[in-house]
Amino acid sequence: MIKILLLAAVVTALAVWQPRWFSRALRWLEAVTGWLGRRPRLTVALVGLLTFALHGGLTLVVGRAAPHIHDEFANLLAADTFARGRLANPAHPLAEFFEEIHVLCEPPNSATPVRMSKYPPAQGLMLALGQVTVGQPIVGMWLSVALACAALCWAFFAWLPPRWAVLGGALVALHPVLLKWGQVYWGGAEALLGGALVAGALGRFVHGPRAADGFWLAVGGVWMALSRPFEGLLVAVIAGVGLAGWVWRQRATLEIKTLQRALWPAAMVAGLYLGWQGYYNARLTGDYFKFPYMVYEERYAVAPFLVWMKPRPEPAYHHALIREHFVGYAREEYDAQQTLGGFARQTVVKLKRLARDYLGRFYVLAIALLALPWVWRRGGWPRFAVGAVVVFGVLVMQETWMWDRYVAPVGGFFFVVVLLGLRQWAGWRPWGRPLGRAVVVLVLLGCLGQTALWMKSRRWENHRRDWDYQRQEMMARLTRQGGQHLIIVRYGPKQSVHDDWVHNGAEIDSAPVVWARDMGPEKNRRLLDYFAGRTVWLLESELPVAQVRDQMKTPPQHELRPYRP
């Protein structure tokens, strides 16, 4: 770390001493981006293709990540379900043994007799695409990020001069948070794709509305609804307000027929989405207007989604670990924000987490944001982009929990704002010296450095062989061994709620390896009778809390042993 800081200090000092050297480097880069900027379609395609290749190569070099958090397993279940041509799986007769966090898993006689992820389907659909085409769900993540980066580049061309749009395309393709989303299964890129389409379509719409602009505006809104509905709705409303304001200002010259031609495709796309969403809800929940997420929260959650909402009564849980997740971890996060001081402290925590993810490990992109007061003073649509990010940020801070993927829908406007800031810096010439251009080069070098550090840390993480890798290796070993196996998992009282071994695919009964929760010798007898003929194993786990475990260089090793009732 000290070496990195010393190197950064030396390069910064050199930039202040000889800014013209850095200005020449930027001029050379502008020659390349200028050539590509005159070919926007080619540039957008190249950004998408190169991003896809980058993620494929990164997985081959660093190694494929094992699913770790509950969200990833829920998304993989959705992918496996979609890949088999179903919207949901029928409830299992022994559903209580297979309950998973973030998965609707009710018995056959319940009001919702299905087993399926509670999440919107976009992430599962992209994973299913990878599973169906090449047998690897992770390929769907590469494609998601590639499409998101291409859409961002497309949006930049609507908001910025061409050479800056090209530079932005390269910047997002190498951004650590997008690199991370392409290597894990928890999503983010899908919502970013929708937000980028909305930002790009809005930027084009206000320069002369066309049917294509209305179409992509609606497609982006629908894709946000299929990935992050609440945050996507906020972005859609903000964009809608901006669009309505523009229509009002142009009312004297804007022809109604022109506006109708531009919005008619959007209305058709929105109508198709509403019909499909109602059908999807009905298949999973029995109610056209009730999302699976809502049903799941009513069944399990105590802490509400927004900090100012009232908590629900504690329901009956079958398992101590699941109860601890909702009554312990989730409720504690909610309770910590019920005072003004607690809300302020947690807001700072959320902002720091998002800043580290989106601005980089060393907050390099924060330098671009320092120029935003001057961007704001320019007025017009640059001011709208800045305002959209700020308003969105204020609104989402009302959410009880906050992670990088939650704010992905506003990513299109956010990266536009970052590029507007860098462009503002490029024109800064105090005492006739091109210090602003040197600052731009320093930011770009810092971004490359952050990307390299992220890749290094990712490789270390993948080679630690934590519990998630051990779980994957157990399944591979038992599958090679042949036969059918049942693993009963018994947790100790200190088990982290974030590290759960019990997850299964869409087909439980025919799976070579089935994971089930221990419910005591008497209740387990039903499980053993149902899966008679399988080799039964016991896995005992008492992993410490995640924050402590992550500091361990050698994770605890787990072994299977024959189950004895």
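Predicted model, so just to flag it, every value in this text is computed and none were measured. (Residues numbered from 1 in each chain as written. Predicted model: local features only at pLDDT ≥ 70, side-chain atom pairs only at ≥ 80, totals over all residues. Heavy atoms only, no water.)

This part is about the nonpolar core. One finds Phe156, Trp159, Trp181, Leu202, Tyr358 and Phe413 to be the most contacted residues of the largest nonpolar core, which totals 131 residues. Sort the elements by how many residues they give to this core and helix 6 (residues 138-159) lands first, with 15 residues. Setting aside residues no more than four positions away along its own chain, phenylalanine 156 makes contact with Ala165, Gly168, Gly169, Val172, Phe415, Val416 and Leu419. With 23 residues, the next largest nonpolar core counts Leu94, Ala506, Ile508 and Ala516 among its residues. (Core = buried A, V, L, I, M, F, W, Y, C linked by side-chain atoms within 4.5 Å. Buried < 20%, exposed > 50% of the residue type's maximum accessible area, 1.4 Å probe, protein only. Helix = DSSP H or I, 4+ residues; strand = E, 2+ residues; numbered from the N terminus. Contact = heavy atoms within 4.5 Å.)

For the structure shown, the criterion picks out 22 aromatic pairs. Where tryptophan 276 meets tyrosine 280, the ring centres are 5.0 Å apart and the plane angle is 15°; that geometry is what we call stacked. With tryptophan 276 and tyrosine 280 both in helix 12 (residues 256-285) and four residues apart, this pair spans about one turn of that helix. Given a relative accessible area of 1%, tyrosine 280 falls into the buried group. Measuring from ring centre to ring centre gives 5.9 Å for tyrosine 300 and phenylalanine 326, while their planes differ by 25°; the resulting arrangement is stacked. With tyrosine 300 in helix 13 (residues 292-300) and phenylalanine 326 in helix 14 (residues 320-335), this residue pair connects regions lying 26 residues apart in the sequence. For the pair tyrosine 300 and phenylalanine 326, one class covers both residues: buried. Through a chain of ring-to-ring contacts, the aromatic side chains of Trp159, Trp381, Phe384 and Phe413 assemble into a single cluster. (Phe/Tyr/Trp six-rings, centres within 6.5 Å; stacked < 30°, edge-to-face > 60°.)

Turning our attention to a positive patch on the surface. A contiguous patch of positive charge, built from Arg20, Arg24, Arg27 and Arg429, is present on the exposed surface. Along the chain, arginine 27 turns up in helix 2 (residues 19-37). According to the relative accessible area criterion, arginine 27 is partly exposed, its value standing at 47%. (Patch = residues over 30% accessible without salt bridge, like charges linked within 9 Å, V, L, I, M, F, W, Y side chains within 5 Å. Areas by Shrake-Rupley, 256 points an atom, 1.4 Å probe, with all protein chains shown as cover. Salt bridge = Lys/Arg side-chain N within 4 Å of Asp/Glu carboxyl O. Lys, Arg positive; Asp, Glu negative; His and termini not counted. Charge placed at Lys NZ, Arg CZ, Asp CG, Glu CD.)

This paragraph deals with unusual backbone geometry. Phi at histidine 102 is positive, roughly 75°, even though this residue is not glycine. In this structure, histidine 102 sits in the loop between strand 1 (89-90) and strand 2 (103-105). For histidine 102, a relative accessible area of 10% translates into the label buried. At tyrosine 363, a position not held by glycine, the phi torsion is positive, near 55°. Here tyrosine 363 lies in the loop between helix 15 (340-358) and helix 16 (366-369). Given the relative accessible area of 35%, tyrosine 363 is considered partly exposed.

Right, let's talk about the environment of valine 489 for a bit. With respect to the helices, strands and loops of the structure, valine 489 is situated in strand 4 (residues 485-491). Taking relative accessible area as the criterion, valine 489 reaches 2% and is therefore assigned buried. When the C-alpha atoms of valine 489 and aspartate 518 are compared, they prove to be 5.5 Å apart, with 29 residues separating the residues in sequence. Residues contacting valine 489, with those up to four places away along its chain left out, are Trp501, Val502, Trp515, Ala516, Arg517, Asp518 and Leu539.

On the basis of which strands lie adjacent, the open sheet formed by four strands has the order 5-4-6-7 and mixed pairing. The open sheet has two edge strands, strand 5 (513-517) and strand 7 (561-562), and neither has a second partner. Sheet strands touched by helix 21 (residues 467-481): strand 4, strand 5 and strand 6 (535-541). Its angle to strand 5, the strand with the most contacts, is close to 130°. Together, strand 4, strand 5 and strand 6 form the strand contacts of helix 22 (residues 521-530), whose direction differs from that of strand 4 by roughly 165°. (Pairing = 2+ DSSP bridges. Axes fitted to C-alpha atoms, helices over the stretch in contact; angles between N-to-C directions.)

This paragraph deals with the packing of helix 5 (residues 122-134) against helix 6. Running from N to C, helix 5 and helix 6 cross one another at 125°; their axes reach a closest spacing of 7 Å. When the axis of helix 5 is compared with that of helix 6, the two are oblique. Between helix 5 and helix 6 lies a crossing whose hand is right-handed. Across the interface between the two elements, Gln123, Met126, Leu127, Leu129, Gly130 and Val134 of helix 5 pack against Val139, Gly140, Met141, Leu143, Ser144 and Leu147 of helix 6. Grouping the constituent residues of the contact of helix 5 with helix 6 by class yields eight nonpolar, four polar and no charged. (Parallel < 35°, antiparallel > 145°, perpendicular 65-115°, else oblique. Left-handed = near helix turned anticlockwise from the far one by under 90°. Nonpolar A, V, L, I, M, F, W, Y, C, P; charged D, E, K, R; others polar.)

This paragraph deals with the pairing of strand 3 (residues 114-117). Look at any regular strand and the pattern is simple: side chains alternate between the two faces of the sheet. Pairing geometry for strand 1 and strand 3, over two bridges, is antiparallel. Paired with proline 90 across the strands is valine 114, a residue of strand 3. Bridge count for strand 2 against strand 3 is three bridges, and the pairing is antiparallel. Bridged to valine 103 within strand 3 is serine 117.

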